[in-house]
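Analysis of the macromolecular model
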Amino acid sequence: MTPVSEAVPVAKLTERIGRIQPSATMAVVAEADKLRQQGVDVVDLSVGEPHFSTPQHIKDAAIVVINNNFTKYTAAAGTAELRDAIIQRHTADFGSDYKRDEAVVSVGGKHVLFNAIQVLVEHGDEVILPVPYWVSFKDIVQYAGGVPVFLQTEENQGFRVTADAIASKITSRTKMIILNSPSNPSGAVMSPEDQTEVAKLAAERGIWVMSDECYVYLNYTGRQFSLGSVRECRDRLVIAGSLSKTYAMTGWRMGFALAPAAAAGAMAKLQSQSTSNPTSIAQKAAVAALKGPQDCVEEMRTDYIKLRDHIVAGLRTLPGVKCNMPEGAFYVYPNISSFFGRGGVKSAADFAGKLLRDAHVATVPGEGFGTQEHIRVSYATSMKELDRGLERIKNFLAGL
């Protein structure tokens, strides 16, 4: 028994857990929740989550399968029925041609990204990552031992990512290129031509492309496109998809990968030793979403365009705020750097923190996405909430 007088050594954690930071978006959510618990009325423009309810036919399918006792384990990679439904929907919408052994179902889109990077990226491998990037990309790469290579994009060019810019970052150590179109946080959309050129360049050099297409159905350019339709590049391509944003199913945790059979099999093997199968009930609901009526997808997309136009117009009326018009997803990424040096604000993190504490509007600071001058504002909410948020931001800025 250890004497009381002897200090017990602090447990040492692994080196790899020190390579990552808590999610910046989750940190804001936690802070906003803390204020709500104190009775504060918070206008939450931080969360990347549809304000719509899951469509009724999807919820009904889940209720039916619960009552029918579809509550047991399934195959680790997901049921054959769901993988076939994913392939059929992708083929119908984008003209791809995947087989069942090239599809894996995971516990949300983030799980897909984590699995794929773990099985494809070795220690010291370089991964090209356009900036701004989604908060988890960098940390997942670093957890795997990879080295993020940041590709800066230009705000005055709409944060556009081009094939030439990607090519300039390729070295002999490049193992993967991560694309995210439409982008979280900027809403930027890569042209089909640039995406295709990147995929072909990567395939020629034996480099993997990870195409995060979580927001692929929230593309407002009029040119719906998935890199999975470029069949000649599929040997070095992983499509990361999700039902969360498309069908307002964030809490159901349904993501999927489309990849060469060997990579898909490796992801399923890793999953078999971590989470095992995705929830059986959620898988049946996902089948209903993919095979059922798709009107809900277009209805939500149409509403997001109206909300986007409203929030951009509102932000552009605020002196000192610069805001691009996003072409997809449901975020705006305004530049608020003109307010640095006022009211104790020295950074985007200061700005977002003060905005939350003083004006009770939750946004996410740009540092989590790799930029220093922006905040991410989600417009996946009601028009009324956007107006309340805009009014509070206006008053907050006037007081700085």
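This text goes with the structure placed above it.
Counting from 1, residues in each chain are numbered in the order their sequence is written. Reporting of local features is limited, given that this is a predicted model, to residues whose pLDDT is at least 70; pairs of side-chain atoms are given and counted only at 80 or more, and all residues count toward the totals for whole chains, interfaces and linings. As a rule here, side-chain values come from all non-hydrogen atoms in the structure, and water together with hydrogens is ignored.

**With respect to the layout of surface pockets**
To be explicit about the condition: Cavity and pocket criteria rest on a 1 Å grid covering protein atoms alone: a 1.4 Å probe that fits but cannot get out defines a cavity, protein on both sides within 12 Å along at least 5 of 7 lines defines an open pocket, and an atom within 4 Å of a point defines a lining residue. Grid points are joined across faces, edges and corners, and a volume is the space filled by probe spheres set on the points. Only DSSP runs of H or I covering at least 4 residues are called helices, and only runs of E covering at least 2 are called strands; the numbering of each starts at the N terminus. In the scheme used here, Gly and all other residues not listed as nonpolar or charged are polar, with Ala, Val, Leu, Ile, Met, Phe, Trp, Tyr, Cys and Pro taken as nonpolar and Asp, Glu, Lys and Arg as charged.
By volume, the largest pocket amounts to about 590 Å³. Taken together, 30 residues form the lining of the largest pocket, with Gly-48, Lys-110, Trp-134, Lys-245 and Arg-253 sitting closest to its centre. At the level of secondary structure, the elements contributing two or more residues to the lining of the largest pocket comprise helix H1 (24-37), helix H4 (109-120), helix H5 (135-143) and strand E7 (237-242). Looking at the lining of the largest pocket, its residues break down into ten nonpolar, 14 polar and six charged. In this structure, the second largest pocket occupies an estimated 210 Å³ of space. Elements with a contribution of two residues or more to the lining of the second largest pocket: H4 and H5. Per-element accounting of the lining of the second largest pocket gives the leading share, five residues, to H5. The class makeup of the residues in the lining of the second largest pocket is six nonpolar, four polar and two charged.

**Some points on the packing of helix H11 (residues 348-359) against helix H12 (residues 383-398)**
Stated precisely, the cut-off is as follows: For helices, the axis comes from a line fit to the C-alpha atoms of the stretch in contact; other axes are also lines fit to C-alpha atoms, and the angle between any two N-to-C directions lies between 0 and 180 degrees. Roughly parallel covers angles under 35 degrees, roughly antiparallel covers those over 145, roughly perpendicular covers 65 to 115, and oblique covers all other angles. Two residues qualify as a contact provided that any one of their heavy atoms is within 4.5 Å of a heavy atom in the partner residue.
The geometry of H11 relative to H12 is characterised by a closest axis approach of 10 Å and an angle of 110° between their N-to-C directions. The angle between the axes of H11 and H12 places the two elements in the roughly perpendicular class. Contacts from Phe-351, Lys-354, Leu-355, Asp-358 and Ala-359 in H11 reach Arg-392, Ile-393, Phe-396 and Leu-397 in H12. Of the residues belonging to the contact of H11 with H12, the class tally is six nonpolar, no polar and three charged.

**A short note on unusual backbone geometry**
Residue Val-131 is joined to Pro-132 through a cis peptide bond whose omega torsion reads 5°. Here Pro-132 is to be found in the loop between strand E3 (126-131) and H5. Although it is not a glycine, Ala-248 adopts a positive phi angle of roughly 55°. For His-360, which is not glycine, the phi dihedral falls at a positive 60°.

**Description of H4**
Keep this limit in mind: Multiply 1.5 Å by the residue count of a helix minus one, and that product is the helix's expected span. When a residue's accessible area, from a 1.4 Å probe over protein chains only, is under 20% of the maximum for its type it is buried; when over 50% it is exposed; and in between it is partly exposed.
If you check H4, its first and last C-alpha atoms are 17 Å apart, about what twelve residues at 1.5 Å a residue would give, namely 16 Å. Within H4 the residues assigned to the buried category are Gly-109, His-111, Val-112, Leu-113, Asn-115, Ala-116, Ile-117 and Leu-120.

**A few points about the sheet that holds E7**
Inclusion rule: Strands were regarded as paired on the criterion that DSSP finds at least two bridges between them.
As summarised here, the arrangement of the seven strands in space is E2-E8-E7-E6-E5-E3-E4, forming an open sheet in which the pairing is mixed. Single-partner strands in this sheet number two, and they are strand E2 (103-106) and strand E4 (147-152). For this sheet, the mean inter-axis angle between neighbouring strands, taken without regard to orientation, is 20°. Judged from the three bridges that link them, E3 and strand E5 (residues 174-180) form a sheet pairing that is parallel. Considered in E5, the bridge of Glu-126 is made with Thr-174. Most of the contacts of helix H8 (residues 261-272) go to E2, to which it runs at about 30°, and overall it touches E2, strand E6 (208-212) and strand E8 (255-258).

**With respect to the sheet that holds strand E12 (residues 375-378)**
A sheet is described by the order of its strands in space; here three strands give the open sequence E9-E12-E11, paired in antiparallel fashion. Only two strands of the sheet have a single neighbouring strand rather than two, namely strand E9 (331-332) and strand E11 (364-365). Direction of pairing for E9 relative to E12: antiparallel, over a ladder of two bridges. Bridged to Val-332 within E12 is Val-377.

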